[in-house]
Amino acid sequence: MTSATPCGAAEVFFSTPDMKTRTIAIIIALLQTIAAASQSESTLYGHAMNFARQGCKDSLFYSLDRMATLYGARDADLLPELLLEPRLRPYHNDSRWIQVKDRLRKARIEAASESPRPCQTDTATKLDNTPIVNSYDIDLTIDVAAKRIDVRADIDIDFRGNSHADLYLWRYTQLSRVAVNGRATRYEFAKDIEAPWISPSGRLRIDAGTARGAARITTAYTCRLDSIPEDGFAACDSSLVMLTYYMGWYPIDIDHETSTANIDIHITPGLELTGSGIISRKADSWHMAQPWEGFDYTIIASPDLKQKTVSHNKRKIEVVSLGFPDADADTVAVRSAEIMDYYTRLYRLEPNGRQLRIFLFPAGGGGAYSRRNFIVCCCQRYNEWLYQLLAHEIGHFWWSSAPTDQWEDWLNESFAQYSSLCAIKQHLGSAVFDDYIEAYREWARTACPIRGLNRQANGAFYTFYHKGAVLLYDLQQRIGDKAFFDLMHHLAAKRIGSQHDFEAETSRRLSHDDCLWIEHRLNQ
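Residues numbered from 1 in each chain as written. Predicted model: local features only at pLDDT ≥ 70, side-chain atom pairs only at ≥ 80, totals over all residues. Heavy atoms only, no water.

## Quick notes on the environment of Gly-55
Move 1: With respect to the helices, strands and loops of the structure, Gly-55 is situated in the loop between α3 (41–54) and α4 (57–71).
Move 2: For the pair Gly-55 and Tyr-91, spaced 36 residues apart in sequence, the C-alpha to C-alpha distance is 9.3 Å. (Helix = DSSP H or I, 4+ residues; strand = E, 2+ residues; numbered from the N terminus.)

## A short note on empty space enclosed by the protein
Move 1: Summed over the entire model, instances satisfying the criterion amount to three cavities of 30 Å³ or more.
Move 2: The calculated volume of the largest cavity comes to roughly 60 Å³.
Move 3: The wall of the largest cavity is formed by Val-133, Tyr-136, Ile-252, Asp-253, His-256, Glu-257, Thr-258, Ser-259, Gly-294 and Phe-295.
Move 4: Each residue belonging to the lining of the largest cavity can be placed in one class, and the counts come to four nonpolar, four polar and two charged. (1 Å grid on protein atoms, 1.4 Å probe; cavity = no way out; pocket = protein on both sides within 12 Å on 5 of 7 lines; lining within 4 Å. Points joined across faces, edges and corners; volume = space filled by probe spheres on them. Nonpolar A, V, L, I, M, F, W, Y, C, P; charged D, E, K, R; others polar.)

## Quick look at the state of the cysteines
Note on terminology: disulfide describes a covalent bond linking the sulfur atoms of two cysteines.
Move 1: Across all of its chains, the model carries one disulfide by this definition.
Move 2: A disulfide bridge connects Cys-119 with Cys-448, and the sulfur atoms are separated by 2.1 Å. Residues Cys-119 and Cys-448 share a disulfide whose torsion about the S-S bond is about -90°; that sign makes it left-handed. With Cys-119 in the loop between α6 (95–114) and β1 (132–143) and Cys-448 in the loop between α10 (430–445) and α11 (460–479), this residue pair connects regions lying 329 residues apart in the sequence.
Move 3: Taking the relative accessible area as the measure of exposure, Cys-119 reaches 39% and is therefore partly exposed.
Move 4: The exposure class of Cys-448 is buried, given its relative accessible area of 1%. (Disulfide = S-S within 2.5 Å. Buried < 20%, exposed > 50% of the residue type's maximum accessible area, 1.4 Å probe, protein only.)

## Concerning the pairing of strand β11 (residues 259–267)
Move 1: Alternating residues of β11 divide into Ser-259, Ala-261, Ile-263, Ile-265 and Ile-267, all buried, and Thr-260, Asn-262, Asp-264 and His-266, none buried.
Move 2: As judged from the eight bridges shared by β1 and β11, these two strands associate in the parallel manner. Bridging from a neighbouring strand, Tyr-136 pairs with Ala-261 of β11.
Move 3: When β11 meets strand β14 (residues 286–294), the two strands line up antiparallel, connected through six bridges. (Pairing = 2+ DSSP bridges.)

## With respect to the sheet that holds strand β18 (residues 355–361)
Move 1: A sheet is described by the order of its strands in space; here five strands give the open sequence β16-β17-β18-β20-β19, paired in mixed fashion. Of all strands in the sheet, those with a lone pairing partner are β16 (306–312) and β19 (367–371), marking the two edges. Averaged over all pairs of adjacent strands, the angle between strand axes in this sheet comes to 15°, irrespective of strand direction.
Move 2: Two elements, β18 and strand β20 (residues 374–378), share five bridges in a ladder whose sense is parallel. Across the sheet, Arg-357 pairs through a bridge with Phe-374, a residue of β20.
Move 3: Packed onto the sheet, helix α7 (residues 326–347) meets β16, β17 (315–321) and β18 and runs at close to 145° relative to β17. (Axes fitted to C-alpha atoms, helices over the stretch in contact; angles between N-to-C directions. Contact = heavy atoms within 4.5 Å.)

## A short note on the packing of aromatic side chains
Move 1: Tallied over the full model, the rule gives 30 aromatic pairs.
Move 2: When the ring of Tyr-136 is compared with that of Tyr-250, the centres are 5.4 Å apart and the planes differ by 80°; the resulting orientation is edge-to-face. One end of the pair, Tyr-136, is in strand β1; the other, Tyr-250, is in the loop between β10 (241–243) and β11, with 114 residues separating them in the sequence. Neither residue differs from the other here; Tyr-136 and Tyr-250 are each classed as buried.
Move 3: Through successive ring pairs, a cluster of aromatic residues spans Tyr-342, Tyr-343, Tyr-347, Trp-398, Trp-399, Trp-410, Phe-415 and Phe-502.
Move 4: Between the NZ or CZ atom of Lys-425 and the centre of the ring of Phe-433, over which it lies, the distance is 4.9 Å. (Phe/Tyr/Trp six-rings, centres within 6.5 Å; stacked < 30°, edge-to-face > 60°. Lys NZ or Arg CZ within 6 Å of the ring centre and 35° of its normal.)

## Description of the pattern of salt bridges
Move 1: Applying the stated criterion to the full structure yields 43 salt bridges.
Move 2: Of the charged contacts in the structure, one is a salt bridge between Glu-438 and Lys-101, with a shortest N-O distance of 3.0 Å. Separated by 337 residues along the polypeptide, Glu-438 in helix α10 and Lys-101 in helix α6 bring together distant segments of the chain.
Move 3: The class of Glu-438 is partly exposed, set by a relative accessible area of 22%.
Move 4: Two residues, Arg-455 and Asp-409, come together in a salt bridge whose shortest N-O distance is 2.6 Å. In this pair, Arg-455 is assigned in the loop between α10 and α11 and Asp-409 in the loop between α8 (384–395) and α9 (410–428), connecting sequence segments 46 residues apart.
Move 5: By relative accessible area, which is 7% here, Arg-455 ends up buried.
Move 6: We classify Asp-409 as buried; its relative accessible area is 1%.
Move 7: Salt bridges sharing partners connect three or more residues here, namely Lys-101, Asp-102, Arg-105, Arg-108, Glu-438, Glu-442 and Arg-445. (Salt bridge = Lys/Arg side-chain N within 4 Å of Asp/Glu carboxyl O.)

## Concerning the side chain of Asp-253
Move 1: Along the chain, the position of Asp-253 falls in the loop between β10 and β11.
Move 2: Within the buried set, Asp-253 has no salt-bridge partner at all; the shortest N-O distance to an opposite charge, 7.3 Å, is to Arg-160.
Move 3: One polar contact links the side chain of Asp-253 to the main-chain amide nitrogen of Val-133, over a distance of 3.1 Å.
Move 4: In this structure the side chain of Asp-253 is engaged in a polar contact, spanning 3.0 Å, whose partner is the side chain of His-256. (Lys, Arg positive; Asp, Glu negative; His and termini not counted. Polar contact = N/O pair within 3.5 Å; in protein donor to acceptor, adjacent residues only side chain to side chain.)

This is how it looks when you write it as structure tokens:
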């Protein structure tokens, strides 16, 4: 590639009457370009984005070329991330953009061939007769100043013939009572046995005593919350209290997702409260009811919560935010309503629920999660990234019936992710959609096969979110739009929750060759 010329030097020279200003501008541009030759990846990326914003093509492509040289083989995400970078889209027709892509693609392929990703398969057999929690009745006291919660939880459970039940709790928990049907029972709290997704946690093994069927477990305990990881979906301080599944504040049945809950909440005065269920306020406490089946009971409180509500097509969308711009919260509400309308038309099926609450907050390590009627997003402002994130999480209103702890989760995540790409195409156009597909192909190129992959395996995100989405895109190209979305309608309508059910439905709707093609791609 050619060496860079000073960013905009000619334009500055002929358009700026002040020679001093011209000289300073040229010197700054030269220094930026020279500095780009030897700086870190993040610094080079920052320079490139500044050059892109200023329209400095030569300096931009010099920075991108340096990034390709220095980091193309070391950062497998660099090419896909550049493909999705909105600030680079005005330069996609420049021949130098094609050169940068080719160099980065070659570097990715060579690096992957030298160090192939290990693919950890799921060899564990999931038992289908484990005890199942049906409902929780919880009395919760939150002492924000002491960073402590005190909990009494009555748990309706079916032991299903087992001698004990394994539940999971916040690791820093002190239990004061465990009983079955009103009688104290033996238990073991193994703080060194952690559940997937719940961290830090420990396993609470409760002896069933004489019970072997339906029973009520009573627990009382205190959780110390002074060691919550800063980058997780949990908090307990004067600005934000956030209790979620991911920190195990209640005894969690990790094998099932069909419980309900009623929770009475006592909390420090002056805090407003929201959460994943139906919230009501009493004289000196709060109540959250969650009568629909689920597994996550999220409670959020802060003195600074803001709320906006949009009613649209008999749907109610509530945006609760903390430290998020008001205008952006309005945009989130409107865009979320548009996405729900679009998916309803696309799949010819109403979502699972007509109410949606979205919580937006700026702390944590980024990301989001979705539950029935409820989405949590960690973000600073509204942008394309947040739009796609919302589109993915709203997609789970149609795709959320498969187990989340094994490879069949592709029926949730890949389908929600491809739904979000369809929303991107609807909202931003085909050219941007094509950029996403190209980027996802790069991630998929080095990702592990979908079938049998351990859900916790290193790189599983690329498999379940990107590789699966590319599979669905390619299936759409193979069978045509009408056949593809007919299939998606029937899969969504039947709430497909297992690979067996998926294969049964595809065998009814598609040719034998198409089914073999899907099987090949799942194993590829």
